[in-house]
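# Notes for the structure review
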Amino acid sequence: MKKYRSSWLLSGALLAACGGKTPSAPLITQPAPAPDAPVIQPAEKEPPVTKPTEPKPPNPAQVAFATKCNAGLETAKGLLGTILTTTGPRTIANTLDVYNQLLTNLGNSSALAGLMSEVHPDEAIRDTARDCEQAVSQFATDLQLNRELFAAIKAVDVSKADAVTKRFVEQTLRDYRRSGVDRDDAQRARLKAIDDEMTRQGQQFSKNIAEDTRSIEVSSATELAGMPADFIAAHPPDANGKIHITTDYPDYNPFMTYAQNDALRKALYIQFRSRGDKQNEKILQTILELRAEKARILGYKNWADYITEDKMIRTGKAASDFITKIWKLAEPRAKHDYDELLKQLKTHDAKATAVGDWQKIWLEEEVKKAKYQVDGSEVRNYFVYQSVLAGLLEITSTIYGITYQVVDGKTADVWHPSVVAYDVLREGKKIGRIYLDMHPRDGKYKHAAQFTLRDGVAGAQLPEGALVCNFPDPQASSGPALMEHDDVVTMFHEFGHLMHHILGGNQHWVRHTGVATEWDFVEAPSQMFEEWAWQYPTLSRFAKHVTTGAVIPKELVAKMQRADKFGLGSAVAQQMFYASISLEFHQADPSKLQQLDTIKALQKKLTPYAYVDGTKFHASFGHLVGYSAMYYTYMWSKVIAKDLLSPFAKGGLMDTKVTAAYRDKILAAGGTKDAAVLVKDFLGRDYNFKAFEKYLSE
Ligand SMILES: [Zn+2]
């Protein structure tokens, strides 16, 4: 999945992440956990940056990096002055084009800072990059409220301009209005105060979740029956003979999956789903009130309507209808999944009449083992890192008509010797550059994400992007570097973002470059591209056995697909439960909202699992900060991703006629049209739910 900078000012500098990073500024929203993850993960916390009490003077490398990183910001400041001091009639050339350069330069600083703060091997440089990032954010915030700049852009006559320029101006003015720049002084002051307070409260909400680690006490190792030996070894009894199991993921996930002791699993579940309950309901109440007030000042019925307005979905009502529709589609399968788990539970307790929420993961694992077992150690023998990467490059070369040329590390200015850079060429002409930073090392970003390094602007600069991942390193192990299939899927997913960035990076207006489309569309191309890592015809091009060289067996791929879909109905229903919380909390009048009652009612309506007394899930639902009303976006982009695969039904995923159309009509178009229009251009019809329905039913 991905998370990105939602600021329109920085929309060109999109960070496509599949992990999380706490926003360092109000403009930057958080990444989130994978949409399919059965358990919602909290947003990742940045380690606190400890500043020395006696500030150390920066070393020469830091000074050099700061100069390089701030260059775009300084240029942007100069260009702002140029726009504001221009006299005479406002034109595209003297105002819009200069503003475009301003955004491009600001984006360059933002992108370099954002990437280096996560990947640079030198901690001092990572700190300097964070400082640079903050300076950029500060400038961007001021820009968003700059009335003179707003007036200057508004004064440009674009009545005779082309459609894309008109779109650029419309979007820009809309975004300015959405930030409240045209409100009176008192209202603007209030909006600024609301934003500051929302940021503060949001950070506190996340902090309370991250810091509220709880635990249960287990009286002896015999009560850990079912747990893997390494887990038991890592949890020795304390001086009093007690074993402590915490609500942190490395404890929680395996415990909920394998522990045979039902009462202990239930106890840990209750602790887990109570995190944040001492303070976060009150904080959430404040956040909801602030959001509602902001929406009201800006003329919207509620926050859900405000935040969805510039997304594909457009309104809170449409989001609500979407959730209902998906839930109805998933319900029969969810019911079937539930019945299967109840049957399994009865093998332990013949009198069981219902499956508890704390039993779900454990039972799913049992059924999976019995019915759908795929031996992971067999599967990974077919995924040697170098062959997977070579296969990915071969496939994208073929389907998009591009070639890759290795660039030596000096020319490409790589930040670590393990980073490989390629120029991407189309018909012999360079169209961009990619950097692959694929293996773990100390101090590096811990998830998998696509980062922008440069936005593509026609005639000004070519797009550059980086994949930052943590796959097995062929240099680090004595044997071959074997990947889990999940990792292979992640690699294709991230590469889907990268291709969007590169192939869509030839726009006149930086605001329309590559992945700069509506927030709820951004994940569709990457989710769609995962399919190339699931189908036999594409897998067989590169998935070959590490010792025998044999192609992955067709039956094994079919087995992997079946296992992947087990529990799908239940998972989709659960996602719609989360999406409903996210939406309904932002549609309700905060003064009347009863948080816990709403949760109970939604759980009853949307999932077969009863509410468990003592829990307060919303108090640790971290997405309520970064995603607010928009949790629906995960499923929304998945529905569209499934539909985008429809034209491949006849000729398969390597049908180059279809891939060329997809490249030209969707990827290359970037944000020059509404995503719904791009999808229609490609499909020859409006998107619909049929493909998703089929996916759910087979
Ligand atoms: Zn993604």
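Residues numbered from 1 in each chain as written. Predicted model: local features only at pLDDT ≥ 70, side-chain atom pairs only at ≥ 80, totals over all residues.

## Some details on helix α8 (residues 249-258)
The condition that has to hold: Partly exposed residues are those falling between the two cut-offs: more than 12 but fewer than 20 other C-beta atoms within 10 Å of their own, whereas 20 or more means buried and 12 or fewer means exposed, with C-beta atoms placed from the backbone. Secondary structure counts use DSSP, requiring at least four H or I residues in a row for a helix and at least two E residues in a row for a strand, with both numbered from the N terminus. Relevant arc is that of directions from the helix axis to the C-beta atoms, nothing else. Note on contacts: each residue gets a C-beta atom placed from the backbone, and two residues are in contact if those atoms are within 7 Å.
Listed as buried for α8 are Asp251, Tyr252, Phe255 and Met256. Taken around the axis of α8, the buried residues stretch over an arc of 105°, which confines them to a single face. Opposite the packed face of α8, turned more than 90 degrees from it, sit the exposed residues Tyr249 and Pro250. Tucked inside the fold, the buried residues of α8 contact β3 (243-246), α9 (262-272) and α13 (360-372).

## As for the domain arrangement of the chain
Reports of interface size often rely on the accessible area that becomes lost once the parts have come together. As a reminder of what qualifies: The domain boundaries here were taken from an automatic or database domain assignment. Only Asp, Glu, Lys and Arg are considered charged in this grouping, and only Ala, Val, Leu, Ile, Met, Phe, Trp, Tyr, Cys and Pro are considered nonpolar; every other residue, Gly among them, is considered polar.
Here the chain is described as being made up of domain 1 (49-180), domain 2 (215-272) and domain 3 (379-565). Counting residues at the interface gives 19 residues for domain 1 and 22 residues for domain 3. When residues of the side of domain 1 that touches domain 3 are assigned to their parent elements, the largest contribution, twelve residues, is made by helix α2 (residues 92-119). Of the residues contributing to the side of domain 1 that touches domain 3, the split by class is nine nonpolar, seven polar and three charged.

## Some points on the pairing of strand β5 (residues 420-426)
In plain terms, the rule: Here the rule is simple: two strands pair whenever DSSP picks up at least two bridges between them.
With six bridges joining them, strand β4 (residues 402-407) and β5 adopt antiparallel strand pairing. Looking at β5, one finds that Gln405 is bridged to Asp423. Pairing between β5 and strand β6 (residues 429-437): seven bridges, direction antiparallel. Looking across to β6, one finds that Ala421 is bridged to Tyr435. Linking β5 back to β6 in an antiparallel pair, the connection comprises two residues, with Glu427 at a positive phi of about 50°.

## Here we look at the packing of helix α6 (residues 185-211) against helix α10 (residues 280-297)
In plain terms, the rule: As a rule, the C-alpha atoms of each element are fitted with a line to give its axis, helices using only the stretch in contact, and angles between N-to-C directions run from 0 to 180 degrees. The cut-offs work like this: below 35 degrees is roughly parallel, past 145 is roughly antiparallel, 65 to 115 is roughly perpendicular, and the gaps in between are oblique. Crossings are sorted by hand: turned counterclockwise from the far helix by less than a right angle, the near helix makes the crossing left-handed, and turned clockwise it makes it right-handed.
Relative orientation of the contacting elements α6 and α10 amounts to 155°, with a least axis distance of 9 Å. In terms of their interaxial angle, α6 and α10 are classed as roughly antiparallel. The crossing of α6 and α10 is left-handed. In this structure, α6 uses Gln187, Arg190, Leu191, Ile194, Glu197, Met198, Gln201, Gly202, Gln204, Phe205 and Asn208 to contact α10, whose residues at the interface are Asn280, Ile283, Leu284, Thr286, Ile287, Leu290, Arg291, Glu293, Lys294 and Ile297. Along the lines of polarity and charge, the residues of the contact of α6 with α10 split into nine nonpolar, seven polar and five charged.

## As for the packing of helix α21 (residues 568-587) against helix α22 (residues 595-606)
In contact at an axis separation of 10 Å, α21 and α22 are set at 150° when each is read in the N-to-C sense. In terms of orientation, α21 and α22 fall into the roughly antiparallel class. The element α21 and its partner α22 pack so that their crossing is right-handed. Residues Ala573, Met576, Phe577, Ser580, Ile581 and Glu584 of α21 touch α22, and the partners they reach there are Thr598, Ile599, Leu602, Gln603 and Leu606. Of the residues contributing to the contact of α21 with α22, the split by class is seven nonpolar, three polar and one charged.

## Side note on unusual backbone geometry
Even without a glycine there, the phi angle at Asp413 is positive, about 55°. Relative to the helices and strands, Asp413 resides in the loop between α16 (409-412) and β5. For Asp413, a count of 11 C-beta atoms within 10 Å translates into the label exposed. In this model, Glu427 sits at a positive phi of 50°, which is unusual for a non-glycine residue.

## Observations concerning the environment of Phe451
Looking at the element boundaries, Phe451 is found in strand β7 (residues 449-454). By the C-beta count within 10 Å, which is 28 here, Phe451 ends up buried. A C-alpha to C-alpha distance of 9.6 Å links Phe451 and Glu494, two positions 43 residues apart in sequence.

## Quick look at the confidence of the model for the chain
For the record, the criterion: Per-residue confidence from the predictor is given as pLDDT, running between 0 and 100.
Mean pLDDT over the chain works out to 90, with 92% of the residues at or above the 70 mark. In this model, residues 1-52 is a region of pLDDT below 50 whose contacts with residues beyond four sequence positions or in other chains number 150 contacts.

## Some words on the nonpolar core
Stated formally: Defined on buried residues, the nonpolar core groups Ala, Val, Leu, Ile, Met, Phe, Trp, Tyr and Cys residues joined through C-beta atoms within 7 Å.
Ranked by size, the top nonpolar core spans 167 residues in total, and within it Ile323, Ile326, Ala330, Val388, Met576, Tyr632 and Ile640 carry the most contacts. In contact with Ala330, other than residues within four places in its own chain, are Gly569, Val572, Ala573, Met576 and Leu696.

## Comments concerning α10
Heads up, the condition is: Here, expected helix span is obtained from the residue count minus one, scaled by 1.5 Å.
End to end, α10 covers 25 Å across 18 residues, agreeing with the expected 26 Å (1.5 Å per residue, within 8%). Turning to α10, its buried residues are Asn280, Ile283, Leu284, Ile287, Leu288, Leu290, Arg291 and Ala292. Of the surrounding secondary structure, the elements contacted by the buried residues of α10 are α6, α11 (303-308), α21, α22 and α23 (623-626). Gly299 sits one or two positions beyond α10 and adopts a positive phi of about 90°.

## Quick notes on the environment of Asp442
Positionally, Asp442 belongs in the loop between β6 and β7. C-alpha separation for the pair Asp442 and His120, spaced 322 residues apart in sequence, amounts to 9.9 Å.

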